[in-house]
Amino acid sequence: MASLLVRLIGMIYRIPMANILGEEGNGIYAVAYEIYDVVLIISSYSLPLALSKIISAEQARGEYRNVGKTFRVARTFAIVSGGVFGAVLLFGAGLIETSIYPEYSGVRMPVRVLAPTIFIVAMLGVFRGFFQGKKTMIPTAVSQIIEQIVNAVVSVTASYLFMKWNAGSLQQAAWGATGGTLGTCLGSVSALLLLLFVYWIYRPVQEKMERRDRTGREETSGRLFKLLLLTILPVILSQTVYNISGLIDYKLYGWLSGQSGVADVAIKSMIGVYSSKYRLLCGVPIAISTAVASSMIPSAVTAYENRDGAQWRYNVASGIKFNMIVAFPCAMGFIMLGQPIVKMLFPSSDFVLGGHMLMAGSAAIVFYALSNVTGGALQSIDKMRMPVIHSAISLAIHIGLVILLLRYTGIGVYALIIGNVTFPIVVFILNLIAIKRYVPSYRQEVVKTFIAPFSASVWMASAVVLVYWLVGLVTGSNLLRTLISLCAAVFVYFSVFLLLRGLTREELYDFPMGRRLYLVARKLHLM
């Protein structure tokens, strides 16, 4: 719940910040943040997961001294790893700009602000992993929400002030992006201070448990470090493959567009539209699919361990079905209302181009949902490497395709959108082939999973066009026309979907507020 709330806050604050920065500033911010994201993954992103797995196992065996020692080893690892990679970003920002991303002049400024954040987040990961290993998610959840609230307030305020204070500077857009990244840094600081306080309170309890440890087992620091590293590496490889595609796309677009004579300002502006409109808005339903895939894994793992094939197939099939119920209407909504939505959220920007991008690339939502769930299904049957291999194969195809489209066609930034759609398609196909190989009995129900939500989405699209036109006869306000159309879209979609018997009562109960939704559907004679 905290993760979804954090993503929602993240989308909301990016809207005013994107309007403040303008297209060029958004382009610089996007590249800087992608650089930070990849370095963060390599340095410390997987620390909470790895540490929680090790500590929870030690806790279960009553090895409380090893719990404390593992925490101290992880803390040393974070200090070294976060410090080294933070220093690389801090002192190498100028080289990154001049040698790797010369088309995005000014990117060194926000990268330098993000550099200390690498160290702070590494330390943050140690404390979150410690408490997660103790089987409490409350410190992590609360710190995530506080971190994102501070991030939102500071990012919007600082980007506005930095743009205002540097109004006459040629680097005004870069200063605005720097203000945006300042929120990320201070947000992580606030979360770390909270967790340090919680740990200070809990520390006497941990020390008392260590004194009562009677197991007589105490691992060496070297072995614990090795165990930590072996747990971290698979996650690093997986996440790096997933996240590096955006960084590669920005480089390819800047490099090949520059060779074609496109000015640096135009390159940054185009990437600004792509990142702050297309990727930001498509990221919301994709985040929902990621959360569903993550929540599906534990129950699927349990079913697999218990050799309960029927339960495993149900978990995977229901995960895919839920995602399709969300993904199809979102994709269709962006096709029909792409331009009005962008105009409503970003009134000062190029809403025509942003709307066209959403129309052209909204299919990615459906295929990312499918690739996320099928990847989770493979992880649940101990095929951890398969999604990584499939992502690497898809990334190689993606790079080749984007290069060909940028070099030999004139479609420009739409090459990145095509690549963004084909990437999850390839991953999904490879994941599905692997699932069929390892679980031959798996069959996905088609009519209620795919045909019903797609059909309801088509009816929804027709209603949206009609409502948007009818409201336009009364008012010229795009805000009112879009909001009323979106409300009509939600009502029509779920009405038609339930009339097509896409959900049973038991399945609807699994939804948030499912029983209330069922009572409403009964009163409207939809079920």
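Residues numbered from 1 in each chain as written. Predicted model: local features only at pLDDT ≥ 70, side-chain atom pairs only at ≥ 80, totals over all residues. Heavy atoms only, no water.

*Asks:* Is there a simple way to think about the overall build of the protein in this case?
*Replies:* When you go through the protein residue by residue, the secondary structure sums to 17 helices and 0 strands. Here the protein has a C-alpha radius of gyration of 24 Å; the compact-globule value for 527 residues is 24 Å, and the two agree. Along the first, second and third principal axes, the C-alpha set of the protein runs to 80 × 60 × 40 Å. Expressed as a percentage of the 527 residues in the protein, the buried residues total 52%. If you take every contact in the protein between residues at least 6 apart in sequence, the share linking residues at least 24 apart comes to 82%. In the form shown here, the protein has an accessible surface area of approximately 23,900 Å², with 68% of it arising from carbon and sulfur atoms. Side-chain charges in the protein split into 44 positive and 24 negative, and the spacing between the mean points of these groups amounts to 5 Å. (Helix = DSSP H or I, 4+ residues; strand = E, 2+ residues; numbered from the N terminus. Rg over C-alpha atoms; globule rule 2.2 N^0.38 Å. Buried < 20%, exposed > 50% of the residue type's maximum accessible area, 1.4 Å probe, protein only. Contact = heavy atoms within 4.5 Å. Areas by Shrake-Rupley, 256 points an atom, 1.4 Å probe, with all protein chains shown as cover. Lys, Arg positive; Asp, Glu negative; His and termini not counted. Charge placed at Lys NZ, Arg CZ, Asp CG, Glu CD.)

*Asks:* Before we go on, may I ask you to explain the state of the cysteines in this structure?
*Replies:* Disulfides are covalent bonds that connect the sulfur atoms of two cysteines. Here the structure, examined in full by the defined rule, presents 0 disulfides. Cysteine C282 shares no disulfide, and the gap to the nearest cysteine sulfur, in C330, comes to 9.3 Å. The class of C282 is buried, set by a relative accessible area of 4%. (Disulfide = S-S within 2.5 Å.)

*Asks:* Help me understand the nonpolar core in this model?
*Replies:* Grouped burial of nonpolar side chains is what soluble globular proteins tend to show. Residues Y104, Y278 and W312 are the most contacted members of the largest nonpolar core, which totals 109 residues. In terms of residue count, helix α1 (residues 2-45) provides more of this core than any other element does, 17 residues in total. Discounting residues that sit within four places of it in the chain, Y278 has contacts with V273, M357, L358, G361, S362, A364, I417, N420 and V421. Core analysis: the next-biggest nonpolar cluster, separate from the first, contains 26 residues, L47, L124, Y199 and I236 among them. (Core = buried A, V, L, I, M, F, W, Y, C linked by side-chain atoms within 4.5 Å.)

*Asks:* Just to check I follow, could you spell out a nonpolar patch on the surface for this structure?
*Replies:* Together, I79, V80, V84, V88 and F119 line one region of the surface with nonpolar side chains, adding up to about 410 Å² of accessible area. The leading source of residues in the nonpolar patch is helix α3 (residues 64-100), at 4 residues. Looking at where F119 falls in the secondary structure, it is placed in helix α4 (residues 108-133). For F119, a relative accessible area of 33% translates into the label partly exposed. (Patch = residues over 30% accessible without salt bridge, like charges linked within 9 Å, V, L, I, M, F, W, Y side chains within 5 Å. Salt bridge = Lys/Arg side-chain N within 4 Å of Asp/Glu carboxyl O.)

*Asks:* Please clarify how the environment of L114 should be interpreted in this entry.
*Replies:* Position of L114 among the secondary structure elements: in helix α4. Assessed through its relative accessible area of 0%, L114 is described here as buried. For L114 and L90, which are 24 residues apart along the polypeptide, the C-alpha to C-alpha distance reads 8.1 Å. The contacts of L114, once residues within four sequence positions are left out, are A32, Y33, Y36, T181 and T184.

*Asks:* I tried to follow the side chain of K134 on my own but got confused; where do I start?
*Replies:* Residue placement: K134 occurs in the loop between α4 and α5 (138-165). Buried within the structure, K134 lacks any salt-bridge partner; E210 is the closest side chain of opposite charge, at an N-O distance of 7.4 Å. Side-chain polar atoms of K134 contact the side chain of Q59, separated by 3.2 Å. Setting aside residues up to four positions removed in sequence, K134 forms contacts with I55, Q59, V67, Y202, Q206 and M209. (Polar contact = N/O pair within 3.5 Å; in protein donor to acceptor, adjacent residues only side chain to side chain.)

*Asks:* Would you mind showing me how to read unusual backbone geometry here?
*Replies:* In terms of backbone geometry, most residues other than glycine have negative phi values and most peptide bonds are trans. One non-glycine residue, R501, adopts positive backbone phi at about 60°. Along the chain, R501 turns up in the loop between α15 (478-499) and α16 (505-509). Despite not being glycine, H525 has its phi angle at roughly 60°, a positive value. Here H525 lies in the segment after α17 (514-523). The exposure class of H525 is exposed, given its relative accessible area of 67%.

*Asks:* It is not clear to me how the packing of helix α9 (residues 309-345) against helix α14 (residues 447-474) should be interpreted in this structure. Could you clarify?
*Replies:* Geometry of a packed helix pair, given as the angle between the helix axes and the separation of the axes. Closest axis-to-axis distance for the α9/α14 pair is 9 Å, and the angle between their directions is 25°. One element, α9, and the other, α14, form an angle in the roughly parallel class. Once α9 is placed against α14, the crossing between them reads as right-handed. Taking contact as the criterion, the partners of I320, K321, M324, I325, F328, P329, M332, G333, M336, L337 and P340 in α9 are, on α14, K448, T449, F450, P453, F454, S457, V458, M460, A461, V464, V465 and Y468. Residue composition of the contact of α9 with α14, grouped by class: 18 nonpolar, 3 polar and 2 charged. (Axes fitted to C-alpha atoms, helices over the stretch in contact; angles between N-to-C directions. Parallel < 35°, antiparallel > 145°, perpendicular 65-115°, else oblique. Left-handed = near helix turned anticlockwise from the far one by under 90°. Nonpolar A, V, L, I, M, F, W, Y, C, P; charged D, E, K, R; others polar.)

*Asks:* In this structure, what is going on with the pattern of salt bridges? I would like to understand it.
*Replies:* Between side chains of opposite charge, a pair can form when the charged atoms approach closely. For the coordinates displayed, the defined rule picks out 12 salt bridges. In this structure, R203 and E207 form a salt bridge, with 3.0 Å as the shortest nitrogen-oxygen distance. Of this pair, R203 and E207 both sit in helix α6 (residues 172-211), 4 residues apart, which is roughly one turn of the helix. Since its relative accessible area comes to 44%, R203 is described here as partly exposed. Looking at E207, the relative accessible area reads 33%, which means it is partly exposed. A salt bridge links R505 to E506, with the shortest nitrogen-to-oxygen separation between them at 3.9 Å.

*Asks:* Just to check I follow, could you spell out α15 for this structure?
*Replies:* In an α-helix there are 3.6 residues to a turn, and that puts residues three or four apart on one side. Here α15 contains 22 residues, and its C-alpha end-to-end distance of 31 Å stays within 8% of the 32 Å for a straight helix at 1.5 Å per residue. Taken residue by residue, α15 has N478, R481, T482, S485, A488, A489, Y493, S495, V496, F497 and L498 as its buried positions. Buried positions along α15 lie against α9, α14 and α17. (Expected span 1.5 Å × (residues − 1).)

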